[in-house]
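Understanding the architecture of this molecule
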Amino acid sequence: MRMTDLHVERFGAWQDLHLGLPDAGLNILYGPNEAGKSTLMRFVRAMLYGFPVARLNDGTAVAQGAFGSMDVDHNGRRFRLQRTFNPYTRGDLFITSLDSHPVPANLLESILNGVEEQIFEKVFAVGLREIQELSTLQDGEVADRIYGLTLGPDGQKLINSSERLRTARTELLEPTTQTGRLVGLIERYDTVNAELRNQDKRLRQHRELCRERSRLDAEIADHKERQAGLQFDLRGSLLMQRIHGPWSRVQERERELRELRVVQDFPERGVERLQKHDQELADATQTRTQLLTTARAAKAQAAKLRLPVAYRAHGPSIQGLLDQRAWIRQVQEKVAAQQLDIEPVKRELENRLQVLGPAWSPKRLDSFDTTPAAHFRMVSVARAFRAALLRRSKTQRLIKRLEANCGERTDAILKGMLDHNVDALDEGLLTTRRQLSNLEQLGKLKVQHAELQQRQISFDEERERLEARLILPPWVYFVLVLFGISGVGMLLHGLNTGLQLTQVVGGVYALLVITCGGICWAIKNYFEHETQQRLAHVNALTDTNVRKIRDTHQQTRQLITPDLLAVNSSFGQTPESFSEAELIKRLAQRSADLEHLSGDEKVLNSRRKRLNDLRVQQQHREREVGTARQSWQELMTHLGFSPTAGIDEAFETWKVVVEACELKRRLDALLRDHQQQKWIVHSYEQRICEIGRRLHDVTIEQAKAWEYLKAWEQQLTAYAANRQERVRLKRESRVRLREASEYASLCQDIKTQRAALLVQGGAGNHDEFLERAEQADRRIALLEELTELRMELERAAGSDRDMVITEEDLRAYQQARNTQCIETLRQELTDLDRELLQTYEQLGSLKHEIKHLESNRESSRLRFDREQIAAELQEAGCDWLATELAGHGLQGLRGHFERTCQPITLADASRHLQRLTLGKYRNVWTPLGERQLRIDDDQNRTLTVEQLSRGTREQLFLAIRLALVEELARQGTRLPMVLDDVLVNFDQERSEAATEVLRDFAQKGYQVLLFTCHRHLAERAEQQGLHPIWLPGKETLAASVERLAG
Amino acid sequence: MPLEPFRFLHAANLFLDHQLQGVGRVPDHLRDCIEQATLTAWERVVDAAIARQVDFLLLAGNCFDAADHTLTGQVALVQGLEKLNEHDIPVFIVPGVSDPDTAWRLAMSLPDNVTRFGGELSESIGLSRDDRTFCTIHHVMANTQDLNASDGNGLDELAVFAPHLAPDEAGPFDIALLETIANNAALPPELQEAELALSESRYGRNGKLNRPAFDPEIVSRCPIEYWALGDGFRRQAWRVGRGMAHTPGCTQGLSAADTGPLGCTLVEVESDGRVRESFIPTARVRWENIAVTVTGQVTRDAIMQQIRSGLDAIPRTSQDELWLVTWNISGSGRFYEDLQDQACAERLWNDALQSVGSQNPQIHLRKVRFANPMDGQAGADFLSQEYARQLGEWAAPADMKDRIIAASSLAEGPWASRMKTVLAEVDSQDAVQAAQRLGWAWLKTGM
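This one's a predicted model, so the numbers in the text were calculated from it and none came from an experiment. As a convention, each chain's residues are numbered from 1 in the sequence order in which they are written. Chain letters and ligand numbers both follow the written order, the letters beginning at A and the numbers at 1. Since the coordinates come from a predicted model, pLDDT governs what is reported: local features require at least 70, and pairs of side-chain atoms require 80 or more to be given and counted, while whole-chain, interface and lining totals use all residues. Excluded from the side-chain calculations are hydrogens and water; all other atoms, namely the structure's heavy atoms, are used.

1. Section: the overall build of chain B
Where we set the bar: In DSSP terms, a helix is any run of H or I states spanning at least four residues, a strand is any run of E spanning at least two, and both are numbered starting from the N terminus. For the exposure calls, accessible area comes from a 1.4 Å probe over protein chains only, and a residue counts as buried if that area is under 20% of its type's maximum, exposed if over 50%, partly exposed in between. Two residues qualify as a contact provided that any one of their heavy atoms is within 4.5 Å of a heavy atom in the partner residue. Residue burial considers only the protein chains on display, and all accessible areas are found by Shrake-Rupley using a 1.4 Å probe.
In terms of regular secondary structure, chain B is built from 12 helices and 18 strands. When burial is assessed residue by residue, chain B has 54% of its 447 residues classed as buried. For chain B, the proportion of contacts with a sequence separation of at least 24, taken over those separated by at least 6, is 70%. A total accessible area of about 19,100 Å² is found for chain B, and carbon and sulfur atoms account for 45% of it.

Here it is in structure tokens:
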């Protein structure tokens, strides 16, 4: 859009101002201060966006009565934008086309292209205040356009990378808070190192312990050496002590032996032997005398005892009877007991025979066969007979049960047939099924009929609705007719009266009626055609539906047969009694019942067939029973039982007979044994009588035999005792006499030996022999003692071969002094042992401690851990170094990016700024992710906005606005730029540079209105051929106002 | 006259009870194995000496690290020596840089079968069998000189002083056992004017070892058949004059640089003077590297197959119980980017191992390393290219670490010195690559 003329009818200080703007891009408008330059800038803004709604203190609007217009050239066409004050809006806008074409819709929106008033104020129409303030560029959309709507993917990557770098650094090491992976690892490393330093003590401790162990080893060796010396001294003293006693005794014995007289060939143990001979002689003489006396006394006592002769002959027989007496007594008791046993058996047998009847006797029992074979034969026949009976009764029971079952079923089937009023089940079932099918088909047809009827109704309704739409409402015809009459009337009236206006109006009315009528007819035709088509379609559908209804009705009538009509009556009801659904239900029930009855009938037929088979079988069973009974009767006859006896009865009789036979056999055995026992007692008593007859020569009654036997027993006992005593006395007498003879010989031998001993000892008598014996014994004792002492001395000397003791030592030996010396040495050795033990204990403890230290692997573990931590630390250090390197790399990359990859707006601004500042400042950029401007000067220094001078800052903001206008233009928005005294603070050179920049900028097609109060700028522009516009001064304005008032 | 055949074991760098570095996080069940790795290696050396009935054992330095102050290590050493004593196997020990003579003086007393050289030049020792000397061991000293600090490899220059030994004083077979002393340690007076038989060779603890340059003229005058070296973490052997020089490397690798099987050397001397050396593995824990290249079209199964193939390609020894593997991934493409997520890479690794079946030895992934991510991003977007350029300005200077600390928020605080210590162990190149990955990931996702 480009402004061509401004018509300010009334706005602020301006009234009836007309400004034509030349075609050249840059329009410099000169006016002194308070000439109304800013008002003009606001007027332009008001034309585009409306009058301001602000009000004065008295409540009147600032733009009260404002009115003006602006001619614009937009897309090759010219328009006028006229805005009139309206207190309720921001003014009424009227747009008119200044060429022959109509005004397009949304023209203003097309011109502004979405640029809001705020942006227009901050970018396109700016005054000195806006150009001086950074905040006007820091808000909303303007800022977005300066700093880039987005950072772009690369910028975003850089920002995110910076964030990740910060996180990575914090994770690794945060020196201020002493946290991070590195801190943890270093602490762990230090801890392990400290523990390892503690472990170093272990090595020192081990060395000290080893030294102590060596010292103790040396001490033990020293002790042992000393112990060996003391033990040697002790051994010497002990040896002296051991040797001196035997040595002195040897000396004494040798001296005594030398003084003793020599007795040669003296019998060995002569005194002892002599005394022994004397003692043996005395004992033998005394014993002989006592034996002779005893032998004589025994002989005299035996002669006094006499024995009866009769008992000598019959003693053994009596003794035999006495020996058998106890056994015979037992036999007698047994006989008595057997008698008691026989009686009950005999009675029991008699009872059994009475039970069996008179035909049974003990003799018959003996001949009766009770063997297992006979019993088995009887059991077999009985079992066959009983099985035949059992089979017959089973068949009879089955026949009875089947007969009852068949009767019940027959009754049930007949009842069902009567209930359903059928003569035959199969025929009734077929009829019922056919009726059921017909009824179901009828139901379906009825439903289909109802649906078709419903569809027919809807078709009728739609047809009625379509037919109704074909009719135009009557008022249409009424209005048309009314207008037509009025038009014709007015036309005729005009023709008659000659009034041209009336003719025209009437003609217009008539034409209007014709037109409306035509339109109505056309619309009617258009819509009726469609409705007619739809109606024809509905009619076709209706015909088809009617045909279907007719077919359905025909099928229904065919289905309603007399058979179907009789269904109701078959249930005993009138035809209208049940609904169709009820009828279908009942027919289905009947069909099910009849099917059930049919099944029952089949079962009944099979049962009847089975009954006939059983009856044939019954006859066969009867024949089997007859045969078995005949066999049974034959067996009874053979056994001697009643032929008519039943099986149980026969077996009962068999049992009694077997028991009777058993009793008979037992009774016979008892009787045989009883007779035998009685015979034994009788023969014993007869033997007693026979001995009595021989002994006393009298006949003894058998009843008194036992009394005689008792008397014989006493006499026989006395005889045996006397006889035994006499034999003993005789034997003793003989023995004593023989012994006395032996003792006499012994006395003689002893006397001979004693005499020989005296001769051998060189003595004539007992006393002399004793004296010589004493001398000989002493000499022998001395020699033996001397030998033993020498051996003892030898042993003592040989107990310690290392020691050498001389005669002089022994002579100089003093017992007390030696004993004291031994005690002293022993005490010292004891002390030394104790010390040695203690040292050994210390050494053992030390060795244990050393072993413990050596087995401790804590140091290895710690060093392993330290290496692990060191590896982790190295890794973390590598990570830290890499992170820092990455940080520096990213920082460099970011710097490069910020300077080279800025938004295009800032790139354009940099270009403008460089020209505005005559190359002093060459680059405008912004840090990533921040809304702050940085400016690089020609010495590669980077400055912030605050560091710039006021003029440079304004040049920067102007450059940015120029860049923004270019950016918006690239997006299709071209609006005039109005700059109100923005060059006030520029120095001469930069003002001229700014003018050049704006001129070049305008030459690119941008319209720039530069208001200035500096005449030289206007004059310089004039010199350059720009034709500045000289705004009227204040006086001129006042004159204009007065002229307007006038 | 023919030589008396004999054999001996040559081991060095036991570093008893020294803990492995850069293992990373390990599960509990592997801890004991790693913690006692050096001790186990020593036990295996002892067992090998006994099993092979060697005539003597040479321990050529660095039996332990004095800085560890380890009692366990000393106890293990003495126990092993006592065990050798029970089998009448003499042991000759020289100190190394990590276990200087002073540290030995403070250590535990040694059994009678041990001859420890050190501190000062010792007399040569002749070993005899049936009253016939078959070998003479000479104590030789070497001095290290620190290279300039900017080298960054921790290499030391080694100056080996030739032994004062005339050719006519030579025995049937002469062995020089080399003691390395630190540069700041005082040289014995008799070595002040000695000739340097070996100089300008570099030993390093980072697995880099230049072949020592023996002076042929001086060496030709030394009747040494076998130079037993200790320092140097790589197993090497080379001809020197009339004999050979050998360093057996470590018995147990201590860091990720010590890859491959490690152990000691069995040296067998034939009657004709020929020397045959054979490697005896002792390391319980082994460090290995697996390289996998991920291209844009590669599938997950193909990468797993690469892993399996890489593992299969590593020759196993019977002594291996655990492998600590570094997985080097290079390539480009979407899959490569996904793998840069540590969890994703570990998951893939575990899946690959599971399909291997039974693991003997056990395999533990200690670290995943990626090639420079920007290498494969030549055509990357503007941000990535500019980021790499900006990073390059910081990463290139030698004093990068100091500059970074000075530019950080730590510069003014007490953490600066601490961070310097921490960063001293950090590989600058790793950090630069990590920074590249980090920035690239941030800029890629932008979230």
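2. Overview of the pattern of salt bridges
Applied cut-off: Salt bridge criterion: a side-chain nitrogen from Lys or Arg within 4 Å of a carboxyl oxygen from Asp or Glu.
Per the stated rule, a full pass over the model turns up 78 salt bridges over all chains. As a salt-bridge pair, Arg433 of chain A and Glu595 of chain A come within 2.4 Å of each other at their nearest N and O atoms. Placement of Arg433 of chain A in helix H12 (residues 425-469) and of Glu595 of chain A in helix H16 (residues 580-639) is noted, with a sequence separation of 162 residues between them. Assessed through its relative accessible area of 39%, Arg433 of chain A is described here as partly exposed. A salt bridge links Glu393 of chain B to Arg389 of chain B, with the nearest nitrogen and oxygen atoms 3.2 Å apart. Of this pair, Glu393 of chain B and Arg389 of chain B both sit in helix H9 (residues 382-395), four residues apart, roughly one helical turn. According to the relative accessible area criterion, Arg389 of chain B is partly exposed, its value standing at 41%. A network of salt bridges, in which partner residues are shared, links Arg857, Glu858, Arg861, Arg863 and Asp865 of chain A together with Asp17, Arg31, Glu35 and Asp68 of chain B.

3. With respect to the packing of helix H23 (residues 904-916) of chain A against helix H25 (residues 988-1003) of chain A
All names here are of chain A. Convention followed: Orientation is described by axes fitted as lines to C-alpha atoms, over the contacting stretch for helices, and by angles from 0 to 180 degrees between their N-to-C directions. Small angles under 35 degrees read as roughly parallel and large ones over 145 as roughly antiparallel, with 65 to 115 read as roughly perpendicular and the rest as oblique. Here the nonpolar group is Ala, Val, Leu, Ile, Met, Phe, Trp, Tyr, Cys and Pro; Asp, Glu, Lys and Arg are the charged ones; every other residue, Gly included, is treated as polar.
Between H23 and H25, whose axes approach to 8 Å, the crossing angle comes to 140°. Between H23 and H25, the angle falls in the class oblique. Touching His912, Arg915 and Leu916 of H23 are Arg990, Ala993, Ala994, Glu996, Val997, Asp1000 and Phe1001, all from H25. For the contact of H23 with H25, the per-class residue count stands at five nonpolar, one polar and four charged.

4. Points about the packing of aromatic side chains
Residue and element names in this part refer to chain A. What counts is decided by this rule: The criterion for an aromatic pair is that two Phe, Tyr or Trp rings (for Trp, the six-membered ring) have centres within 6.5 Å, with stacked assigned to planes under 30 degrees apart, edge-to-face to planes over 60 apart and tilted to the rest.
Under the counting rule described, the total for this entry stands at 23 aromatic pairs over all chains. Consider the rings of Phe368 and Phe641, whose centres lie 6.4 Å apart with planes at 15°: the pair is stacked. Of the two residues, Phe368 sits in the loop between helix H10 (362-367) and helix H11 (372-420) while Phe641 sits in the loop between H16 and helix H17 (647-696), which places them 273 residues apart along the sequence. The class for Phe641 is buried, based on a relative accessible area of 8%.

5. Things to note about the environment of Glu622 of chain A
All names here are of chain A. Tracing the sequence through the fold places Glu622 in helix H16. Linking Glu622 and Arg391, residues 231 residues apart in sequence, is a C-alpha distance of 9.3 Å. Not counting residues within four places of it along the chain, the set of residues in contact with Glu622 comprises Arg392 and Gln396.

6. A word on the pairing of strand S15 (residues 275-281) of chain B
Residues and elements named next belong to chain B. Worth spelling out the cut-off: Paired strands, in this sense, are two strands between which DSSP finds at least two bridges.
In this sheet, S15 lies alongside strand S14 (residues 263-269) in antiparallel orientation, the contact comprising seven bridges. Paired with Val269 across the strands is Val275, a residue of S15. Taking the residues that link successive antiparallel strands as the turn, the S14-S15 hairpin has five residues, and the phi of Gly273 there is positive, at about 90°.

7. Description of the sheet that holds strand S16 (residues 285-294) of chain B
All names here are of chain B. A sheet is described by the order of its strands in space; here three strands give the open sequence S16-S17-S18, paired in parallel fashion. Strand pairing shows two members of the sheet lacking a second neighbour, S16 and strand S18 (362-370), which therefore form its edges. For this sheet the average axis-to-axis angle between neighbouring strands, irrespective of direction, equals 25°. Its contacts with the sheet place helix H1 (residues 28-35) against S16, strand S17 (322-331) and S18, and it is angled at close to 105° to S17. Against the sheet, helix H6 (residues 300-313) contacts S16, S17 and S18, and its axis sits at roughly 145° relative to S16.

8. Section: the interface of chain A and chain B
The criterion, for reference: Accessible surface is computed with a 1.4 Å probe, and the buried area is the amount of it that two parts give up when combined, taken over both parts together. The term polar contact refers here to a pair of N or O atoms within 3.5 Å; inside protein, the definition further demands a hydrogen-donor-capable atom paired with an acceptor-capable atom, and it admits residues adjacent in sequence only when both atoms are side-chain atoms.
Listed by partner, the interface residues are 54 residues for chain A and 61 residues for chain B. Here chain A meets chain B over a buried area of about 5,100 Å², counting both sides, of which 66% is carbon and sulfur. Where chain A meets chain B, there are seven salt bridges. Its salt-bridge partner being Asp865 of chain A, residue Arg31 of chain B comes within 2.8 Å of it at the nearest N-O pair. Along the contact surface separating chain A from chain B lie nine residue pairs in polar contact (both at pLDDT 80 or more). Those elements that place two or more of their residues in the side of chain A that touches chain B are helix H6 (152-172), helix H7 (181-259), helix H21 (815-855) and helix H22 (858-900) of chain A. The dominant element in the side of chain A that touches chain B, judged by the number of residues it contributes, is H22 of chain A, at 28 residues. Classifying every residue of the side of chain A that touches chain B gives 24 nonpolar, 14 polar and 16 charged.

9. A few points about the environment of Ala282 of chain A
All names here are of chain A. By the element assignment, Ala282 lies in helix H8 (residues 270-303). Residue classification places Ala282 among the partly exposed positions, given a relative accessible area of 44%. In this structure, the C-alpha to C-alpha distance between Ala282 and Cys747, residues 465 residues apart in sequence, is 8.3 Å.

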